[in-house]
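One letter stands for each residue in the lines below.
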Amino acid sequence: MECVFGLVGKEFALVVADTSAVHSILVHKSNEDKIMKLDSHKLMGASGEAGDRAQFTEFIQKNVALYQFRNGIPLTTAAAANFTRGELATALRKSPYMVNIILAGYDKETGPSLYFIDYIASMHKVDKAAFGYGSYFSLAMMDRHYHSNMSVEEAIDLVDKCIIEIRSRLVVAPPNFVIKIVDKDGAREYAWRESIKDAYISAA
C-alpha cells in the first residue's frame, strides 16, 4: 500500500513518501526512507518492489555523481530525468525494474521542476504527481487544492490534507510519511508525519 507524491511550488519542489517496508501481509519496518537524495539539488522518490527500488535508485545516484566527477558540472534536473528514463527503457527489454519514480530538482536557470517516470519508462514534466494506492486520494486532493506559485506553508498544508485523506480512506494505510523539499538552498528533509514508531525490543 505504497504512496509517493510530489508537487512544485513557488521556487521549490517537494516529495512525500510513506515509510513502510512491507511484504505480503507483514510490515518489516515503519521508518524506511524511500526518497533518495541524488545530489545537492535533486530528490528521487520511488515506489515499487523493495529490491528494485533500492538497487535502481542507488544506481542512478552513483551515475549522477560519476557524471559530475568526470565533467566538473552537475546534471540538470531534466538531464537526470532523461538519463533515468533511458536506463529504465534499456532495462525494460532485458530485466525490467518494477519501480515508479518522482524526480524533483532545482536549477539556477530554470527553477524547480518535477518529473513523473513510471516503470515502463514513460516520462512527463508535471506540476504534481503521485504513485501507489494512495495516489487515488492524493491526486484528488491536489486537483482540488493545488495552484501554481504555492508557498511552502500552503504546500505543507496540502500535503497534510493528502496524508489525512489517505489515512482515513485507504483500507491498509501507511502510518508514517517523510517530507523532503528542494529549493535554491538545496535538497533536505523537511518533516515527518508519524502515527506509530518502531518498537525496539531488547534481546532476552
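Scroll up for the structure.
Residues numbered from 1 in each chain as written. Predicted model: local features only at pLDDT ≥ 70, side-chain atom pairs only at ≥ 80, totals over all residues. Heavy atoms only, no water.

Undergrad: When you look at the layout of surface pockets in this model, what are you seeing that I'm missing?
TA: Rolled over the atoms, a probe as big as a water molecule pinpoints where empty space is left. One number sums up the size of the largest pocket: a volume of about 510 Å³. Forming the boundary of the largest pocket are 22 residues, of which M1, E2, V22, G48 and E49 lie nearest the centre. The set of elements that each furnish at least two residues to the lining of the largest pocket consists of strand 3 (21–23), strand 6 (42–48), helix 1 (50–71), strand 7 (99–107) and helix 3 (135–145). With three residues, the single largest contributor to the lining of the largest pocket is strand 3. (1 Å grid on protein atoms, 1.4 Å probe; cavity = no way out; pocket = protein on both sides within 12 Å on 5 of 7 lines; lining within 4 Å. Points joined across faces, edges and corners; volume = space filled by probe spheres on them. Helix = DSSP H or I, 4+ residues; strand = E, 2+ residues; numbered from the N terminus.)

Undergrad: I would appreciate a short explanation of the nonpolar core in the present structure.
TA: Burial of nonpolar side chains together is a common tendency in soluble globular proteins. Within the largest apolar cluster, 39 residues are counted, with the highest numbers of intra-cluster contacts made by F5, L14, V16 and M142. Those elements that place two or more of their residues in this core are strand 1 (3–9), strand 2 (12–18), strand 7, strand 10 (128–132), helix 3, helix 4 (152–169) and strand 11 (177–183). Those residues in contact with L14 that sit more than four places away from it in its chain are F5, G6, L7, L114, A155, I156, V159, K180 and I181. (Core = buried A, V, L, I, M, F, W, Y, C linked by side-chain atoms within 4.5 Å. Buried < 20%, exposed > 50% of the residue type's maximum accessible area, 1.4 Å probe, protein only. Contact = heavy atoms within 4.5 Å.)

Undergrad: I'm lost on the pattern of salt bridges in this one. Help?
TA: Side chains bearing opposite charge may pair, as long as their charged atoms lie close to each other. With the rule as written, the count across this model stands at twelve salt bridges. Residue D160 pairs with R193 through a salt bridge whose shortest N-O separation is 2.7 Å. Residue D160 is found in helix 4, and its partner R193 is found in strand 12 (residues 186–193); the two are separated by 33 residues along the sequence. You can call D160 partly exposed: its relative accessible area is 23%. Between R169 and E165 there is a salt bridge whose closest N-O contact spans 2.9 Å. Taken together, the positions of R169 and E165, both in helix 4 and four residues apart, correspond to about one turn of that helix. A single network of salt bridges, built from pairs that share partners, joins E2, D18 and K34. (Salt bridge = Lys/Arg side-chain N within 4 Å of Asp/Glu carboxyl O.)

Undergrad: Could you clarify how one ought to interpret a nonpolar patch on the surface in this entry?
TA: Together, M1, Y133, Y136, V171 and V172 make up a nonpolar patch on the protein surface, roughly 570 Å² of accessible area in all. As for its placement among the helices and strands, V171 is situated in the loop between helix 4 and strand 11. V171 sits in the exposed class, given a relative accessible area of 73%. (Patch = residues over 30% accessible without salt bridge, like charges linked within 9 Å, V, L, I, M, F, W, Y side chains within 5 Å. Areas by Shrake-Rupley, 256 points an atom, 1.4 Å probe, with all protein chains shown as cover.)

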